[in-house]
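# Descriptive structure summary
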Amino acid sequence: MNISLRDPNVVMKLSRLGSFHQSKLSFLRSFLKEFKDWDYKRDLFELNEHGYGTAVYSFKKKNRVYSLICFANELDENERSDRVIATKWDAAFTLFDGVPKKQDIERLKNEVPKQEFGRLSYKELTLSRANKSVRVFNHVVECLSEGKQPDNDLITSVGYLYRTTAVYGSGKFGLADRFRIKDREEIYGPFRLEMMLVYLVRQFTFDQVNHVAKNKNPKKAVSLDINICKSLGIGNSTGLGMAPFIVNHPTLLNNWISAREISLKKIREIKTISEKDKNLFLECLKKSIKNITSWNTESEYQINKIKSLLKDLNEFILYLDNDFNFEQDYAFNELYLHLEKEYCEECIEYVVSMMMEPYDDITSPLIKEMSSEEEKYFNIPTERTVEDLKLILEKKYPDILTIDFTKDENNLNFWFISKNKEEPRLANRFDEVGAELEQPLAIARDIKKLYELLSVTKNSWSIAKFLSTNNELRHVVRRAFIVEKFPYSEIQDNTIGQKIMPIDMLRLKLSFFGALKFDPRSDKWLRICMFQGAPLPEQLKNYDEHWVYN
């Protein structure tokens, strides 16, 4: 049986993309799999009794070493902020290429805590900062220092001791450019070094809290239970800064989505499902329910999505237990068709992620295809004709071409860069000034404008001739030729319309990171947790790849 890939005009709608969940393709899970055979070590741990100072952690294999350098700083309560305008944090980190010498650590001690205002070098690969969840951190210190473990309800409700507020890489602020390291096999997967940084930061938070508790009461203190450590991840606060990334990296976005879609296609094409694969799928699906029932948020929008997901999943599991026959040919295809017919988008995409769990042989090769060299596809084929381009738009953007951008609700917002932090923002063009500074992120509107101009231009004109008088549309001409080759490279939705939920764009990217328990704080920023339930570094060599459901 040959199953078609899913239609990009369905998959690439924001409501569908905003329903994606982590899977075997997610970057933090592929990172753990890649680095499970590396040697982990805590190389330096020089913190004072209050937990301030320097620590170094490393992964080593043969002659390759990656070292996380941590700087824990004293912070006044009124200085702690997760907002992008913050200038001080509880801790700052950099991932160093190799083994740092004493002079490296001294140099970085003056630069890393400054973050964007510091000066980094090609020896530093990633940069981050994080703040404590003060309530949880202090509670854990207090309990451990008295010889007891912390309150499980509080630990479960928050899920982390620290949350990062940014993780940078690929040449930012002097960090190593990607071209220096992109050919290293261990980092072929996207964001692999950023995942390493976050994972090692998680371990630092456990070591720091144990250290502070021990110094508070040396005779009585105990260490944080290893199972509690595993249940904790690293929190993250993410705002609109992440949203334009998926617009500005079309071939990378395509490769992420394509890996997911090809996985689904191949799984649906399996004629006979083995008993082992069926049981693993059902086990992961049923165990995963606890991730949903422990998903805490105050967002009414997200609460409704969780309720809908839980209701649909419970009904779906009942259907699998009582009515579905896994022994029929192409059982996963039948299962998928039933999902599309009966359940919400959130449930459909949740189960799609779950279907991948038994099929390492399908997902592993695709993970290596999820990076992209964007510049290879930057050139516009100017010898092509207006007729060619018009046909591409009609085939690849059918829904977008029906949007009426003369209506205010379809042209309501504009994207701009804030002056203070050079971060993306979204504003109402009819209520706020600054629309003349709009960033080229209104792809749907500009595609429609391009199509209207092409419709009154001679079909025989070359693209070179067309652009000579319409240069302001060069960015979408380029995108159209990209989407011709890469069908999942474009969000098939209006990113400036009244109905836009910017957090759908954030959630799309974070699902590929491997985030759990999305907690929207508005329609423009959210909190998530990463590596919650993941094995600790000492456990990596023999860990369960399906840990996320245990």
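Everything below is about the structure shown above.
Here we summarise the structure given alongside this text.

Quick notes on the rules
- All residue numbers refer to position in the chain's written sequence, counted from 1.
- Reporting of local features is limited, given that this is a predicted model, to residues whose pLDDT is at least 70; pairs of side-chain atoms are given and counted only at 80 or more, and all residues count toward the totals for whole chains, interfaces and linings.
- Derived side-chain values reflect all non-hydrogen atoms in the structure, with water molecules and hydrogen atoms excluded from consideration.
- Whenever a pair of cysteine sulfur atoms sits within 2.5 Å, that pair is classed as a disulfide.
- With a 1.4 Å probe rolled over the protein chains alone, any residue whose accessible area is under 20% of its type maximum counts as buried; one over 50% counts as exposed, and the rest are partly exposed.
- Two rings belonging to Phe, Tyr or Trp (six-membered ring only in the last case) form a pair when the distance between their centres is within 6.5 Å. Interplanar angles under 30 degrees mark stacking, angles over 60 mark edge-to-face geometry, and anything in between is tilted.
- Helix and strand definitions here come from DSSP, where helices need a minimum of 4 consecutive H or I residues and strands a minimum of 2 consecutive E residues; each element is numbered from the N-terminal end.
- Each ring is checked for a lysine NZ or an arginine CZ that lies within 6 Å of its centre and within 35 degrees of its normal; such an atom marks a charge sitting over the ring.
- At least two DSSP bridges between two strands are needed for those strands to be called paired.
- Angles run from 0 to 180 degrees between N-to-C directions of axes, and those axes are lines fitted to C-alpha atoms, restricted for helices to the stretch in contact.
- Only heavy atoms matter for contacts: two residues are in contact if any of them lie within 4.5 Å across the pair.
- One fewer than the residue count of a helix, multiplied by 1.5 Å, yields its expected span.
- Here, a salt bridge means any side-chain nitrogen of Lys or Arg that lies within 4 Å of a carboxyl oxygen of Asp or Glu.

### Comments concerning the state of the cysteines
Counted by the stated rule, this structure contains zero disulfides. Its sulfur unpaired, Cys143 is 14 Å from the next cysteine sulfur, which belongs to Cys229. In this structure Cys143 comes out as buried when scored by relative accessible area, which is 8%. Of all cysteine sulfurs, the one in Cys344 lies closest to Cys347, which takes part in no disulfide; the gap is 5.5 Å. Residue class for Cys347 comes out buried when judged on its relative accessible area of 0%.

### Here's the deal with the packing of aromatic side chains
Per the counting criterion, the structure on display carries 35 aromatic pairs. Taken together, a centroid distance of 4.9 Å and an interplanar angle of 50° make the contact between Phe191 and Phe513 tilted. With Phe191 in the loop between strand 6 (160-169) and helix 7 (192-216) and Phe513 in helix 21 (residues 502-513), this residue pair connects regions lying 322 residues apart in the sequence. Each residue in the set Phe31, Phe35, Trp38, Tyr40, Tyr57, Phe59, Tyr66, Tyr199 and Phe531 is aromatic and connected to the rest through ring pairs, giving one cluster. Lys132 extends its terminal NZ or CZ atom over the ring of Phe137, reaching a point 4.5 Å from the ring centre.

### Digging into the sheet that holds strand 7 (residues 233-238)
With mixed pairing, the nine strands of this open sheet are ordered in space as 1-2-3-4-5-6-7-11-10. Both edges of this open sheet fall to strand 1 (39-47) and strand 10 (516-520), since each of them pairs with a single strand only. Between one strand and the next, the sheet's axes are offset by a mean angle of 25°, whatever the strand orientation. Where strand 4 (residues 91-97) and strand 5 (residues 124-132) come together, six bridges link them in antiparallel fashion. The partner of Ala92 across the bridge, within strand 5, is Arg129. Contacts between helix 5 (residues 134-145) and the sheet are confined to strand 5 and strand 6, with strand 6 contributing the most and set at about 130° to the helix. Here helix 21 sits on the sheet in contact with strand 7, strand 10 and strand 11 (526-530), set at roughly 5° to strand 11.

### Details of helix 18 (residues 443-454)
A turn of α-helix holds 3.6 residues, and therefore any two residues three or four places apart point the same way. With 12 residues, helix 18 ought to run about 16 Å at 1.5 Å a step, and its terminal C-alpha atoms sit 16 Å apart, in line with that. Considered for burial, the residues of helix 18 that qualify are Ile443, Ala444, Asp446, Ile447, Lys448, Leu450, Tyr451 and Leu454. On the buried face of helix 18, the contacting elements are helix 9 (243-248), helix 17 (386-396), helix 19 (463-469) and helix 20 (474-485).

### Re the pairing of strand 7
Extensive coverage of strand 7 is indicated by the burial of six of its six residues. Where strand 6 lies against strand 7, three bridges are found, and the strand directions are parallel. Within strand 7, the position partnered with Tyr160 by the bridge is Gly233. Inspection of the sheet shows strand 7 paired to strand 11 by five bridges, in the antiparallel sense.

### Some details on the pattern of salt bridges
Opposite charge on two side chains permits them to pair, given that their charged atoms come into close proximity. All chains considered together, the criterion is met by 38 salt bridges. A salt bridge links Glu345 to Arg16; the nearest nitrogen and oxygen atoms lie 3.4 Å apart. In this pair, Glu345 is assigned in helix 15 (residues 345-355) and Arg16 in helix 2 (residues 14-17), connecting sequence segments 329 residues apart. Accessibility expressed as a relative area gives 27% for Glu345, which makes it partly exposed. Across the pair Arg429 and Glu438 runs a salt bridge whose closest N-O atoms are separated by 3.0 Å. The exposure class of Arg429 is buried, given its relative accessible area of 16%. Salt bridges linked by common partners bring Arg6, Arg16, Arg260, Glu261, Glu340, Glu345 and Glu349 together as one network.

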